[in-house]
Structures are given as C-alpha cells and as structure tokens.
Amino acid sequence: MPFPGFRCAALLLLVACAAKQATPERPLPKPNIDPGRKPPTPQPATPEPEEGLRPMVPADAAYAHGWMPLASTGVDQFLRAHPSYDGRNVLIGILDTGIDAGISGLEKTSTGEPKILDLRDFSDEGAVPLQRVTPAGDAVEIAGHRLSGFGRVAALNTSGPYYGGVIRELPLGPPPASDLNGNGKASDTLVVLVTRATDGWILLADTDGDGSLAGERPVHDYLLARETFGWAARGRTPRITLAANFSAGPTTAEPQLDLVFDSFSHGSHVAGIAAGHDIYGVPGFDGVAPGAQLLGLKIANSAQGSITTTGSMIRAIDYAIRFASARRLPLVLNLSFGVGNEIEGTARIDAMVDSVLEANPSLVFTISAGNDGPGLSTLGFPGSAKLAIGVGAMLPAVFLSPGPGGSRDDQLAYFSSRGGELAKPDLVTPGVAYSTVPRWSTGQEIEQGTSMAAPHAAGLAALLVSGLAQEKHPIDARAIKQALMVTARPLQGGTFLDEGTGLPEVGAAYRWLLGERPVPDITVHALGEVGWTTAALDEVNAAGSGLKQRFELVRSGSTPPATYVLRSDAAWISAPTRVTLTGPKTIIELRYTPSAVSSPGASIGTVSGWGTDSLLGPAFRLVTTLIAPAPVSPGARQLRSGVRIEPGTLLRTFFRADSARPVEVQVSPASLGQKGLAFLHEPDGMPYREESARPIGPPQGEAVYQIDGRDVVAGTYEVVAIAGASQALGVNLQVTHSPMLLHLTRDKSGPIGTLTNTTVSPVKTEVAMLLGGAERVETIVAKTSVVRRIPFIAPAWARSVVVDVTMSREQWGRFTDFGVTLFDSAGRQIEKQPLNYAFGRLQAKLPGGHADMPVELALFPGFADTADQSWTARASIRLYADTAIALQPTSDSVITIPSGKTATARFALPDSPWPLGDAFFPLAVLAARADEHTWTREGGLPLPNPPIAR
C-alpha cells in the first residue's frame, strides 16, 4: 500500500509552517503536516463550481517559501554549478497509484521534451471488459446506453469490428476520486467504444455527456501517441485525466483495454517531487530532477484499498527495465509503497528486488522506509531490500516552527520507520513537499511521509546519473548508494537505525563519484537470527557479563584478501582491532557490557570496517541494539519521572507484558504548558493496534493507553515520547500491570470469568460482565489470490463494526499487500484498511438509523509473485451496540483470590436483547476492579459445543 496511507493523524504539535502572507489580504494557511497521507475529504454530492477548486496555497507562494525543499540536499547549489546535470537523458520509473498526465508541471522537461513517456496499468483497476457491438444506423447501444453519432466511428473504420465496454464509478471508492465525469455522483456507468483505425486501436467516448460520439476525438494507446481524455460537461475541464492501454488477448487478436488514471493522487504527488518542471505554470518551480523523463507504472488498485495486486510490482519493474533498455536510457526506479516487516529480512519481495538489482548493476532503486515510526523495528518491506536505497524522512527547517532563539534546524521525522533487526534505513531526505496532484485533489498539494522522501532520493540519483552519463563516467548503482551515504550528514539525536548515515548532499556525492572508487560487496548477517543484519538483544538486564554476538561477513569467493580496521562508536561494545577477509565468509564476534544499558531503556551502537582509503567510507557496519525492558511487576510503576527531552528529539522506554494481563500506560508532561507526542509499539515493532500516536500536554493532558486483555501481546513493548520542534519536554511515564490474568469462557450454564492472581499477596476484586454486541469468527483457507468475500447482516441495533484479521507471521512475508474493505449492498465502500502486518484492525461506524443492513467483508490478498498463493487467515467480525447490558452474577461478585491461585465468577446469559444473526454469538467484556483500577478482557461467547458443519 502507499506509505502515506499507512497511518494518518492530524498531529500539528511538532511542526508548523512559519509562512508569511502571500498578499496583505490573504494569509497562507499552515500546511497539514501529518505522519501519513490522508485520502481527500469526501466532497458534497453536487458538482463543486470551477472557482471552488483552490489549492492549499498558491503555487507561486509555495515556490517562494521553498516548499519543494531542494536546498535541504543541496540540489539548488548543484544545479547552479551544473545546470545540464538536471536529470536529462535519465528515465525515472514511478511505481505507484498512477500519474495524472493532465497536471501542469508534468507535461515537459526542462529541455522541452515530453515529461511522461508512458503510462501502464499493472493493477487491473482500470480493466474494461469488451464485447462486440453492432451499430444500428447512426447509433450504437453499449450495455443499455444508446450513443448517436456513430458516423464518427465509421469514418475511422467502416467495416468493424466494433467493441463496447463500461467502467463503473461505484467500485472505485469514495468521491471525488471516483467521480470520473465530475457531476457530483460516484454511481455512473460510463461507456467506451473501441475499434481499429489505420494506425492502431483507438477508443472513443462520449466525454461531454451529450449522448453522441459526433465530434469526439479518438484516443490511441498512450505509448504510441501520448493522448489522454477525460469526462466533463461541455465547457468544463476534466478533473481526472485518463489514458488508454491496449493489448492483444491471450488467445485471440481481439483487444484488451485498460484505462490508466490516478484516483488516489499519491503517484502524481510523488512524480512531481522526483521530476516536476514549472509546477502549476510557475517558472523555476521544479522537482529534484526537472530534466528527467517519467514512466508511470500503476501497481496499486485504489478500488481495493490502494493496494498492490499479485505480481504487479515485479511485472512493472520488468516492463520498466525493458522499456529503458530499448531506448538506451539510464533508469532510476522509485517505490513509495510497502508494508511492515514481521520476520525481518525474509520477505519474498525483498529477495526479488535484490535479484533484479544484482542482474542490473546500473539500476538505482529508491524505496520508502515506511511511516510506522518512531519505534524500532518498524522498517517496512520492500524498503528493507539489501541493494535498494531504503529512504527515511526528515522534516526540512522551512516547515518547522522557530526555536526559542528564532532558529530552525532540519529534524528527523517522528513518523519515519526505524530499523532494528535490519541496519536500515540507508539515509533520510525531505519527507514533506508541495507537489503536483490531480485536479480533483486540488487543496491536497502538501503531503508528508516517507513516500515523499523516496522520490526526492530518486531525483538525487537521477542528477548523479545525468552528470555521470554526460561526463562519460560509468554508472554503478552500488557506487551511487555509497556516495549518497558516505557524504550524508547526521541529524540531531539520530542513530544509524533512525536515519542511516543521515541527510545526503548531492554535490558532495557527485564529487565522491568522480573518484571512481571500487565499492566492496560485503553482506552482513547476525548469526542465530534468520535474515537479520543487526544484533537486537532483549532482556540485557538479566544477562551476565558474557553477552556477545557473532556476525558473518559474506562476499564473493573470487575477491582478494582485504584487511579492515574496526571502529566502535559505543564504549559498551568490544570488537577486534582489525579483521582480514580471506574467503567468502568471515566471522566477527562482538562482546557487550550489559551494565552500560539501564532499564527501561536501550542503546544502539555501530562497529564499522574501514579500508586503507578513508574517503571510501565504511565497507560494512555491525549494528547492535541492547534493550533493557522493565519487567512485569503487578501494580503501578513509575518508569520515567521528569526526564528532559530536547526539542525535536525522543526518549524510548521499554517494558515487558504478559498475555491476558491488561496493562495501562500513562505518558504526561512534567510541567504545565509543555506539549509533545507519545507513541506505543507492540512487541516486534507494530504500532499499537488501537491508536499509536497520541498528543500529550494541553489541551489533552496525558496520553493514556488501556490495553485490554484481549489485545495485550506477550513480549517487549516500546513507548516513545517526542518533544515539539521548538520546545523541550519533561516527561513522566507510568506503567500499571493488572495483578490478574483474565480469561472469558462459557459453558452450558453460562459465561465464566477466570481470574488468576500472579502476585505474592491475596487480591480482592469486584467482578462484572457486560454484554456489548455480537461476534462472528471465520477461518479462511485459500490457495489462490482470488478475492474472498464474507457477507453478513449488520442488525439495526449495530452502531459500529470492528474486523480483526490475523495470519501467521511466517506467512506474511509472501505478500506485498492485503486489503480489507467493508462494502454495503450497493457496492459502496463503508471503510477500508489495508493490513500493514500479520494482524490488522478495521473499524467502521454504521449510518445512524439504519435497518438490518447487508454488509460484505472483502479480503484482497496481493502476493509478491504467483509461485505460492496459498494462505490462511482468521477474521473476527464484531458488532457493537450503543450501550452494554450488565449480566446478572450467579456467584459472588466480590472475590478474594489467594496468591498464585485461580478463581471464577459465573453469570447468567439471558436471551439476547439483540437479534444476533447467522453464525454470530454474544460478545462480552469481563471487568475486574482491584486497587482503584478496572481491568477488562473482551471476548466472544460461542456455544461450548457448536454443531459440526456438514
């Protein structure tokens, strides 16, 4: 899925724009700097007047304020020194949601060449099934729609055959993106007619909606003629631009048609950052590489939640390589897509990307790191591919509020995903920009995320490739990656796992490349952990003095021996002085001093290997994270008290948790008036499933996470507190563990609450059980990537729906995406939430006052390839009522539980006041109050012995 769609929250506490007024009477609004890109706000159901389409900020004002932050990476200075090295004669492939070719700024390069060379759809979103049609006089009927003016078609082909097809707006998602004809409705069915002219297949459509094809312009395949079209009432400009892809059928010569368009605006925004030129008609308002040309490779199906489809990434990559090779153009690829790693270093798409890059050593590939930060081990795949450039995000000073002294400094982006088990990201670039969007998305020009950082890095690579090609230097992707990393500068408070080597400077990288230094090809593996390139050691507070880790360095067996000096940046790491690599594999052992890491924190250190040429930079890095989590300790425990966090920096805190033991986390400012953000990450890095990012300080006060016993995961949780960009923050952090493990079951007599006291003292608790709705559980076992649909009825009493989808961590690495969408009976999307990990939660409100409502849960699996498409998942569908009903206890509701013992509380289950529906069972919450805290465990109450399905 597109990374800016990863997680969205309107968090303006850390960053704000210091823009002045564009004109005395119209101040510039502050850009909405979010940790992820939000889909556009749904528009009214009537067409918005043309004058209502206003940008967030006028383009000339955005240019004047530097909101395409080229200065952060030295692009402005580099192009002043080398104006012809602006990306000309380089092709940048954008693997994304498509590119809208009608945007001003994506039309021409700096030298007047066409900006977009081709647009191709690999997602199937725009597939239009065609059937033969027969005209009747001057008219033709297509799917019940009568079109006159057939003479226009006959003039191009007098004998046929003729084909008709339709594209329906409704499945494309919410308006305005799905309102292809701009009439304020997203329920139209639009028809196209296809035939063969003397110069190839063509498409004609009633673009002005007058019911006639007379005067309509034929549209060829975009690659042949770079023609586009769009639907709009006469006198209006189409709000979305479409292109046609024609191909022959698999068994016949009849045509296949795909319409290419960007109904998410993500790909268009990314394209403008990488290579826009004279954006929105403002001279000089450029992306990073304005001379480069673009290849729009649509891999995401917005109708399925903006997810990639099976094999779409690899098919698009293969097409781009063949396209560039046929035209002898150097190629840079950008992928602002990905999902969270579960078992780092094992994703199938990572291996496939690395295989492609091994076979194409001149191909530079930039990939977003993800927006799941600031927790460790949040790096997404395929940004974790070894040979690609994994790109994190920083916030340019131009978008930040001034500090106490009036100064502004670039800062790491809090949302940018971090490494942990993998030594990534490689570097960081600006993760926010004002860029190009389709006309329907006007007002969304400023977006933030690592999706914005990756195309900036792709543009930097295009500048370097352009300069090298013009000066007849070899183009080697490994050298370009090394140049960008070696010459980067670290940002305040960042470690290698936060930012890689930091923020690159393109001029310095180019000068480094002119030395044509050979870059060693050395791969690092942390022994004992499959796929890991770092050591991530937990529970070091329980370790003895013999804590150590062995790393394996792998290189080509034909490489001559080489000796490297080892340098450590952490006093708690002991490493050999030097190492000599003599064969294909060499083992290095590092030893650690656990006492240097105090609970409940972590330390990150790096040992780097240096050859005789210090300008080459490190040949390899051995990264270690030591984590000393606070142990499980029933009751309240103050883990942080008044700890100061400098502006724009963070504090990490770790604690252990048990399954079935509810936990409460409180993060608060130590002083009145201070503001910041808190984030909670589950074991292995996944952001907390309910809402990870929460503000602290006025007016919200403290951030409180109450983790229900159903949701708590055994392992080490991470809490991150971040200070605002311009103000330090003192932080208090308290973790309170329930003294009891809670379980919820049912036997023939009714529901049972089971409570186990894990403390050394008796626990007195008051127990209650509440009936809150209904649950249904489906287990899906599939062997293909065909969409799985689960229909159900949302009863009139249901006010909201929550769907949890869970699969094994081992299985997750075979996907590139997995969409989860709820549809109503008309096919409209109620809610969509792609999975980012092997667990995902979708939450949807139902319309007020609805009757019994047919709903369909659709699961859209997208695999890296077609080799193995078998999968298994568990879907929990939960319906919630407005209010909960207290169940009558049939045993004592006040219980004293001896130390280490288990007690039960029983309740009567009356006939449900709500019709539950087919396959649903009651949904209840067990609540236990002890020591002024109420602990909960939600769970379903299925029949103890359900009948066997036959």
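Residues numbered from 1 in each chain as written. Predicted model: local features only at pLDDT ≥ 70, side-chain atom pairs only at ≥ 80, totals over all residues. Heavy atoms only, no water.

## Topic: the sheet that holds strand E48 (residues 829–832)
1) Next: Sheet architecture is open: four strands sit in the order E45-E50-E47-E48, paired in antiparallel fashion. Each edge of the sheet is formed by a strand with only one pairing partner; in this case those strands are strand E45 (788–794) and E48. The sheet shows a mean angle of 20° between the axes of neighbouring strands, taken without regard to direction.
2) Next: Bridging between E45 and strand E50 (residues 853–863) involves seven bridges; their strand directions are antiparallel. Its bridge partner lying in E50, Ile793 is registered against Pro854. (Pairing = 2+ DSSP bridges. Helix = DSSP H or I, 4+ residues; strand = E, 2+ residues; numbered from the N terminus. Axes fitted to C-alpha atoms, helices over the stretch in contact; angles between N-to-C directions.)

## A few points about the sheet that holds strand E11 (residues 243–248)
1) Next: In space, the three strands of this open sheet follow the order E3-E12-E11, with antiparallel pairing throughout. Sheet topology places strand E3 (127–128) and E11 at the edges, where each strand pairs with a single neighbour.

## Details of the packing of helix H6 (residues 312–327) against helix H7 (residues 348–359)
1) Next: Viewed as axis vectors pointing N to C, H6 and H7 meet at an angle of 10°, and their least axial separation amounts to 11 Å. As the angle between them shows, H6 and H7 are arranged roughly parallel. From H6, Met313, Ile314, Ile317 and Ile321 reach across to H7, where they touch Ile349, Met352 and Val356.
2) Next: Residue composition of the contact of H6 with H7, by class: seven nonpolar, no polar and no charged. (Parallel < 35°, antiparallel > 145°, perpendicular 65-115°, else oblique. Contact = heavy atoms within 4.5 Å. Nonpolar A, V, L, I, M, F, W, Y, C, P; charged D, E, K, R; others polar.)

## Considerations on the pattern of salt bridges
In a structure, side chains of opposite charge can pair up when their charged atoms sit close to one another.
1) Next: According to the stated counting rule, one finds 39 salt bridges in the structure shown.
2) Next: As a salt-bridge pair, Glu938 and Arg710 come within 3.5 Å of each other at their nearest N and O atoms. Note that Glu938 is positioned in strand E55 (residues 933–940) and Arg710 in the loop between strand E39 (703–707) and strand E40 (715–723), a separation of 228 residues in sequence.
3) Next: Here Arg841 ties to Asp711 by a salt bridge, and the two come within 2.9 Å at their closest N and O atoms. Of the two residues, Arg841 sits in strand E49 (residues 839–845) while Asp711 sits in the loop between E39 and E40, which places them 130 residues apart along the sequence. Here Arg841 and Asp711 have matching classes, each one buried.
4) Next: One salt-bridge network, held together by shared partners, links Glu682, Arg689, Glu690, Arg710, Asp711, Glu775, Asp804, Arg841, Arg878 and Glu938. (Salt bridge = Lys/Arg side-chain N within 4 Å of Asp/Glu carboxyl O. Buried < 20%, exposed > 50% of the residue type's maximum accessible area, 1.4 Å probe, protein only.)

## A closer look at helix H5 (residues 266–275)
1) Next: Among the 10 residues in H5, 10 count as buried, and that is most of the element.
2) Next: Those residues of H5 not exposed but buried are His266, Gly267, Ser268, His269, Val270, Ala271, Gly272, Ile273, Ala274 and Ala275.

## Some words on the nonpolar core
1) Next: Residues Phe818 and Leu857 are the most contacted members of the largest nonpolar core, which totals 91 residues.
2) Next: With eight residues, the single largest contributor to this core is H6.
3) Next: In terms of nonpolar packing, the next biggest core, distinct from the first, is built from 90 residues, Val57, Phe78, Val391 and Leu395 among them. (Core = buried A, V, L, I, M, F, W, Y, C linked by side-chain atoms within 4.5 Å.)

## Focus: helix H8 (residues 450–470)
Residues three or four positions apart in an α-helix share a direction because the helix packs 3.6 residues into each turn.
1) Next: The terminal C-alpha atoms of H8 lie 30 Å apart, and with 21 residues this matches the ideal 30 Å at 1.5 Å per residue to within 8%.
2) Next: Along H8, 19 of the 21 residues are buried, which leaves the element largely enclosed by surrounding structure.
3) Next: Just downstream of H8 lies Lys472, where phi reads positive at about 65°. (Expected span 1.5 Å × (residues − 1).)

## As for the packing of helix H9 (residues 477–486) against helix H11 (residues 506–513)
1) Next: Contact geometry of H9 with H11 gives a least axis separation of 8 Å together with a crossing angle of 130°. Between H9 and H11, the angle falls in the class oblique. Relative to H11, H9 is oriented so that their crossing is right-handed. Judged by residue contacts, Ala479, Ile480, Gln482, Ala483, Leu484 and Val486 of H9 engage Ala509, Trp512 and Leu513 from H11. (Left-handed = near helix turned anticlockwise from the far one by under 90°.)

## As for the pairing of strand E18 (residues 364–368)
1) Next: Within E18, five of the five residues are buried, which leaves it mostly tucked inside the rest of the structure.
2) Next: Bridging between strand E16 (residues 331–335) and E18 involves four bridges; their strand directions are parallel. Considered in E18, the bridge of Leu335 is made with Ile367.

## Things to note about the pairing of strand E7 (residues 162–168)
1) Next: The element E7 is extensively covered by neighbouring structure, given that five of its seven residues are classed as buried.
2) Next: For strand E4 (residues 131–133) and E7, the ladder comprises three bridges, and the chain directions are antiparallel. Opposite Val133, over in E7, you have Tyr162 as the bridge partner.
3) Next: In terms of strand pairing, E7 meets strand E8 (residues 189–197) through six bridges, oriented antiparallel. Bridge pairing links Arg168 to Thr189 in E8.

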